[in-house]
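Residue-level listing of the chains:
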Amino acid sequence: MITALVVVSGIVMVASALAAMHLRSLVAAIVAVGLMSLFASVLYLVLAAPDVAMTEAAIGAGLSTVIFLYALRRTRDREADDD
Amino acid sequence: MIKRIIAFHLVAAAALLLWGIVDGRVPPGSLGGVGRDYVERTPGELGAANVVTGIVVTWRGLDTLGEVTVLFLAAAGVALVLRRREGAAENAAAPEAPRRDSSEILETGSAFLVPAIVMFGVYIFLNGHLTPGGGFQGGAVVASAVLLLFLVHPGYRTAHRALEAVESVSGALYVAAGLLGLLLAGGFLDNRFLPPGVFGTILSAGAIPVIYTLIGLKVGAELAGILDSLRGGGE
């Protein structure tokens, strides 16, 4: 059971990391990175590290995804200003 | 094409190396060395039920102080780069059109959720010495409540001064707690300058709850400040 969960979350992590590299849309790539963090946090929980899982879920999947999105919006604003 | 072939061979070599470590490895049945020493000494000497917290705040407390400093520098850097540019842009550019308000469902839902999330974050850092979690985790959860406020109310302004005051005061008090440990107990960031209390209750483990509360407040204020600087004002 635990092995299956570890294998499934590992596969999803690798798949979303590859998706983040190959997706053309930057927003979709950011969401893929967030998905990878979410499954990493599940993996930490399964491997009996609940405090690391909490950090990964709150910072990796939550805050840093939004920070990337804010940064993307701001850089787009600059490009629009320059044109 | 050659780049891809090289990359593939590098990945294959790394996989081969890792396989050599993983293949045939049997996890040890009992703790050995430093690990056993920590597990045996943390409950008795520090009075902390959560051994991880005992290690993070006391045995390896200097590392935690360094991590908090790194986060402080990151927040200061973001504020320095983004706020100044924004001040210049605000003077030059005309005010943008006001954004659409959030829907009724989102506003009501966030009004219910934000206090609960803040309370959960405070619970995590107050109980850091008893249950998994601690200052960093609790602070991040509090900051995610602030993030929800930003998402629901686009025009919401934080009190920058108050955030900065919380951040500086809790950082200074953290170092002061470390110095008190140096003066009154065994060394820098030693938690035993406060009475150890009853093992397993909320007021136990000496100064660990105090230090984790300070870390929680500092991390929460810093992450909220980073989000606020990145979000930009009046957009």
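In this text, all values refer to a predicted model and were calculated from it rather than measured experimentally.

**Q** In this structure, what is going on with the overall build of chain A? I would like to understand it.
**A** For chain A, the count of helices and strands is three helices and zero strands. Listing each helix as α and each strand as β along chain A from the N terminus yields α-α-α. At 15 Å, chain A has a C-alpha radius of gyration far larger than the 12 Å of a compact globule built from 83 residues. On the principal axes, the C-alpha backbone points of chain A span a range of 55 × 25 × 10 Å. Summarising the internal contacts of chain A: among those between residues at least 6 apart in sequence, 50% fall at separations of at least 24. Per element, the accessible surface of chain A, about 5,000 Å² overall, is 74% carbon and sulfur.

**Q** Can you walk me through the nonpolar core in this structure?
**A** Buried together is how nonpolar side chains tend to be arranged in soluble globular proteins. Ranked by internal contacts, the top residues of the largest apolar core, which has 37 residues, are A:Y70, B:Y174, B:I211, B:I215, B:L223 and B:L227. Those elements that provide at least two residues to this core are α3 (50–82) of chain A together with α4 (61–92), α6 (135–152), α7 (160–184) and α8 (208–231) of chain B. When residues of this core are assigned to their parent elements, the largest contribution, eleven residues, is made by α8(B). B:L223 has contacts with A:I59, A:L63, B:L71, B:A140 and B:A143, leaving out every residue within four places of it along the chain.

**Q** Just to check I follow, could you spell out helix α2 (residues 26–46) of chain A for this structure?
**A** Helical geometry note: an α-helix holds 3.6 residues per turn, so side chains three or four residues apart project in the same direction. The end-to-end C-alpha distance of α2(A), which contains 21 residues, comes to 30 Å, matching closely the 30 Å that a straight helix rising 1.5 Å per residue would cover. Listed in full, the buried residues belonging to α2(A) are A:A29, A:I30, A:A32, A:G34, A:S37, A:A40, A:S41 and A:L43.

**Q** Is there a simple way to think about the packing of aromatic side chains in this case?
**A** What describes a pair of aromatic rings is the distance from one ring centre to the other and the angle between the planes of the rings. Residues and elements named next belong to chain B. A full pass over the atoms with the stated rule returns one aromatic pair over all chains. Ring centres of F120 and Y123 lie 6.4 Å apart, and the angle between their planes is 15°; on these two criteria the pair is classed as stacked. Residue F120 and its partner Y123 are both found in helix α5 (residues 104–126); the two are separated by three residues, about one turn of the helix. You can call F120 partly exposed: its relative accessible area is 45%. Classification of Y123 as partly exposed rests on a relative accessible area of 44%.

**Q** Any chance you could explain the packing of α7(B) against α8(B) here in plain terms?
**A** Each packed pair of helices is defined by two parameters, the angle between the axes and the distance between the axes. All names here are of chain B. Contact geometry of α7 with α8 gives a least axis separation of 8 Å together with a crossing angle of 145°. Remark: the crossing between α7 and α8 carries left-handed chirality. Of α8, the residues touching α7 (which contributes H160, L163, V166, E167, S170, G171, L173, Y174 and A177) are I211, L214, I215, L217, K218, A221, E222, A224, G225 and D228. Classifying every residue of the contact of α7 with α8 by side-chain character gives eleven nonpolar, four polar and four charged.

**Q** Can you walk me through the interface of chain B and chain A in this structure?
**A** The extent of an interface is frequently quoted as the accessible surface area lost upon association of the parts. Contact with chain B, which involves 24 residues of that partner, is made by 15 residues of chain A. Summed over both partners, the interface of chain B with chain A buries about 1,700 Å², with 67% contributed by carbon and sulfur atoms. Across the chain B-chain A interface, the total number found is zero salt bridges. Here chain B and chain A share two residue pairs in polar contact (both at pLDDT 80 or more) between them. Counting residues per element, the side of chain B that touches chain A draws most heavily on α6(B), which supplies eight residues. Each residue belonging to the side of chain B that touches chain A can be placed in one class, and the counts come to 14 nonpolar, five polar and five charged.

**Q** When you look at a nonpolar patch on the surface in this model, what are you seeing that I'm missing?
**A** Residues and elements named next belong to chain B. A grouping of L62, V175, L179, L182 and F188 is seen on the molecular surface, where their side chains present a nonpolar patch of about 420 Å² in accessible area. Per-element tally for the nonpolar patch: the top contributor is α7, with three residues. Relative to the helices and strands, V175 resides in helix α7.

**Q** Looking at this structure, I do not really get the packing of helix α1 (residues 2–22) of chain A against α2(A). What am I missing?
**A** All names here are of chain A. Put simply, α1 and α2 touch, their axes get as near as 8 Å, and they point 160° apart. By the angle between their axes, α1 is roughly antiparallel relative to α2. In the packing of α1 onto α2, the handedness of the crossing is left-handed. Contacts from I2, L5, V6, S9, V12, M13, S16, A17, A19 and A20 of α1 reach α2 at A29, A32, V33, L35, M36, F39, A40, L43 and V46. Residue classes in the contact of α1 with α2 are distributed as 17 nonpolar, two polar and no charged.

**Q** So what exactly am I meant to see when it comes to the confidence of the model for chain A here?
**A** When pLDDT is averaged across chain A, the result is 86; 92% of the residues are at 70 or more. The element-level mean pLDDT for chain A is lowest in α3(A), coming to 81, with α2(A) highest at 92.

**Q** Help me understand unusual backbone geometry in this model?
**A** Peptide bonds are mostly trans, and most non-glycine residues show a negative phi. Residue and element names in this part refer to chain A. A positive phi angle, near 65°, is found at A48, a position not held by glycine. The topology assignment puts A48 in the loop between α2 and α3. For A48, a relative accessible area of 65% corresponds to the exposed category.

**Q** Even after reading the chapter, I still don't get α6(B), so can you show me in this structure?
**A** The end-to-end C-alpha distance of α6(B) is 26 Å, a good match for the 26 Å that 18 residues give at a rise of 1.5 Å each. For α6(B), a buried count of 15 out of 18 residues is recorded, marking the element as mostly surrounded by other parts of the structure.

Scoring rules and cut-offs
- Residues numbered from 1 in each chain as written.
- Chains lettered and ligands numbered in written order.
- Predicted model: local features only at pLDDT ≥ 70, side-chain atom pairs only at ≥ 80, totals over all residues.
- Heavy atoms only, no water.
- Helix = DSSP H or I, 4+ residues; strand = E, 2+ residues; numbered from the N terminus.
- Rg over C-alpha atoms; globule rule 2.2 N^0.38 Å.
- Contact = heavy atoms within 4.5 Å.
- Areas by Shrake-Rupley, 256 points an atom, 1.4 Å probe, with all protein chains shown as cover.
- Core = buried A, V, L, I, M, F, W, Y, C linked by side-chain atoms within 4.5 Å.
- Buried < 20%, exposed > 50% of the residue type's maximum accessible area, 1.4 Å probe, protein only.
- Expected span 1.5 Å × (residues − 1).
- Phe/Tyr/Trp six-rings, centres within 6.5 Å; stacked < 30°, edge-to-face > 60°.
- Axes fitted to C-alpha atoms, helices over the stretch in contact; angles between N-to-C directions.
- Left-handed = near helix turned anticlockwise from the far one by under 90°.
- Nonpolar A, V, L, I, M, F, W, Y, C, P; charged D, E, K, R; others polar.
- Buried area = accessible area lost by both parts, 1.4 Å probe.
- Salt bridge = Lys/Arg side-chain N within 4 Å of Asp/Glu carboxyl O.
- Polar contact = N/O pair within 3.5 Å; in protein donor to acceptor, adjacent residues only side chain to side chain.
- Patch = residues over 30% accessible without salt bridge, like charges linked within 9 Å, V, L, I, M, F, W, Y side chains within 5 Å.
- Parallel < 35°, antiparallel > 145°, perpendicular 65-115°, else oblique.
- pLDDT = per-residue confidence, 0-100.

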